[in-house]
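Structural description and commentary
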Amino acid sequence: MGTSVSASPAFTTDISMKKQRVQVAIIGAGPSGLLLGQLLARSGIDALIIERQSPDYVLGRIRAGVLEQVTMDLLDEAGVGERMHREGLVHGGFDMLFKGQRHRIDLQQLTGGKQVMVYGQTEVTRDLRDARQAAGLRTVYSAEHVSVHDFDTAAPRVRYQVGGEQHEVECDFIAGCDGFHGVCRASVPSGAITEYEKVYPFGWLGVLSDTPPVHHELIYANSPRGFALCSQRSQTRSRYYLQVPLTDKLESWSDEAFWDELRLRLDPAARDHLVTGPSIEKSIAPLRSFVTEPMRFGRMFLAGDAAHIVPPTGAKGLNLAATDVKYLAGALLEYFQEKSQAGIDGYSERCLRRVWRAERFSWWFTSLMHRFPENGEIGQKFQEAELDYLIHSQAGARSVAENYVGLALNFGE
Ligand code: RFL
Ligand code: PHB
């Protein structure tokens, strides 16, 4: 496969280049990159993380809130699970609200005791970053003009600039953990990659507030006015989302307008319990289903959002990223310690099987819970009938529950 990439135009040959060598160059210090760095370090594999943004910027992104058991186990394995177990909220169920009534999905009862952990992505990232710092492992933040080269050869390279200085990293492998807008996937020649994409005609308006959560578990609401989600970060910090048209501007959503609209999408009891307050973060996120095939290009691997995006309804994005990283760390370990290529060769197929299952669930759950104006009144009726079926059928409820807690790693094998 020919995947040679020319140097970024920002580079000129007459300026001196600082060179270094590592076994693995990791692009991106989001949860995928930091977790991979931690797992590799624990196995004695030398990795450098190169991140485009500042540490505070990375921590400031309010994203995922729900961790599956696989992710909790991996954070433990990486040696960073202690605070999560202490401060995270273990949830054994969640509510589905439709036609003005709430119905509990009992995750524990339906899945033989499985639960999820409500612990924010910001905290996961902070724990990983602190552990990396404490271990004296290097992360280059605020790197400019990051570019990847020669990943179709045995000697890939990464280049970047910091403070006007140019750097080149020689490595055995590149891990593209640089999210949806990263440079790694974008550097693959178009003939070597297939991308599957669905963009939804709405977004999620999210508000974070220092108010007690409206309910002790999450509420996923289907309403004729659009989807709403009541989530949380702690006993005193809430996270709420509203489905909004993509054309809506953040400025046109005052806090008051947000709370008024949320109330209209909730049931009477939740409406009465809702405590409102000033937002400490407010943002609109577009919704997308996206998969890249394959996830390996010679000596460059994609992991996490760099390779796939799910709409957040199923709470799968970060969890999928964690599984990619688990498989990638295992494959690299096999390569360096056992001189075996098997894990590397199987990486893409192994990840994609799990990715497509989570993509299917996230797309289905999104389709079930959101208002699609083009489907009219009858679309709403179909959704309500399906929800009514799901909560009254053991098989239906179990299917929702087992996907939500995360399918076992060896599911179907
Ligand atoms: P990230 O977090 O985007 O990190 C990528 C990092 O790469 C850096 N980068 C570069 N660095 C160097 N050079 C370049 N050229 C670079 N280009 C980019 C970026 O600055 C960034 O620091 O990807 P990663 O690590 O793969 O992590 C993925 C998760 O962030 C994502 O899947 C989740 O947030 C998705 N998600 C959820 N996932 C869950 O599992 N459970 C949830 O409850 C959940 N809720 C959500 C979510 C995502 C949401 N949004 C905003 C899309 C809720 C929302 C609203
Ligand atoms: C969140 O708390 O941010 C969250 C929870 C569940 C989801 C998506 C986001 O499905």
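Residues numbered from 1 in each chain as written. Chains lettered and ligands numbered in written order. Predicted model: local features only at pLDDT ≥ 70, side-chain atom pairs only at ≥ 80, totals over all residues. Heavy atoms only, no water.

1. Brief notes about the layout of surface pockets
What counts here: Every definition here rests on a 1 Å grid over the protein atoms only: cavities are sets of points where a 1.4 Å probe fits but cannot get out, pockets are open sets enclosed by protein on both sides within 12 Å along at least five of seven lines, and lining residues have some atom within 4 Å of a point. Grid points are joined across faces, edges and corners, and a volume is the space filled by probe spheres set on the points. Going along the chain from the N terminus, every DSSP run of H or I of four or more residues is numbered as a helix, and every run of E of two or more is numbered as a strand. Amino acids outside the nonpolar list (Ala, Val, Leu, Ile, Met, Phe, Trp, Tyr, Cys, Pro) and the charged list (Asp, Glu, Lys, Arg) are all regarded as polar, and Gly is one of them.
For the second largest pocket, the calculated volume is near 300 Å³. Lining the second largest pocket are 16 residues; nearest its centre among them are G120, E123, R233, S234 and R237. Those elements giving two or more residues to the lining of the second largest pocket turn out to be α4 (82-87) and α6 (121-134). Residue contributions to the lining of the second largest pocket peak at four residues, all from α6. Tallied by class, residues from the lining of the second largest pocket come to four nonpolar, six polar and six charged.

2. Considerations on the packing of helix α1 (residues 31-42) against α6
Note the cut-off: In this description, a line fitted to the C-alpha atoms serves as the axis of each element, helices being fitted only across the stretch in contact, and the angle between N-to-C directions of two axes falls anywhere from 0 to 180 degrees. Crossing handedness is defined as follows: a turn of the near helix away from the far one that is anticlockwise and smaller than a right angle gives a left-handed crossing, while the clockwise case is right-handed. Working rule for contacts: check all heavy atoms of both residues, and any pair within 4.5 Å makes them a contact.
Following both chains from N to C, one finds α1 and α6 inclined at 35 degrees, their axes separated by 9 Å at the closest point. α1 and α6 meet at a crossing whose hand is left-handed. Residue-level inspection shows P31, L34, L35, G37 and Q38 of α1 in contact with α6, the latter providing Q121, T125, L128, R129, A131 and R132. Of the residues in the contact of α1 with α6, the class split is five nonpolar, four polar and two charged.

3. Observations regarding the site of ligand 1
Under the convention used in this document: If even one non-hydrogen atom of a residue comes within 4 Å of a molecule or strand, that residue is called near it. Side-chain atoms alone can form a polar contact between residues adjacent in sequence; in general such a contact is a pair of N or O atoms within 3.5 Å, and within protein one must be able to donate a hydrogen while the other accepts it.
Taken together, 32 residues are adjacent to ligand 1, and E51, R61, Q121, D305 and L318 come closest. Between G317 and ligand 1, the recorded distance is 3.2 Å, taken from a backbone N or O atom to a nitrogen atom. Listed by contribution, the elements that provide at least two residues to the shell around ligand 1 are α1 and α10 (317-338). The greatest single-element share of the shell around ligand 1, amounting to three residues, is contributed by α10. Taken together, the residues that form the shell around ligand 1 break down as 14 nonpolar, eleven polar and seven charged.

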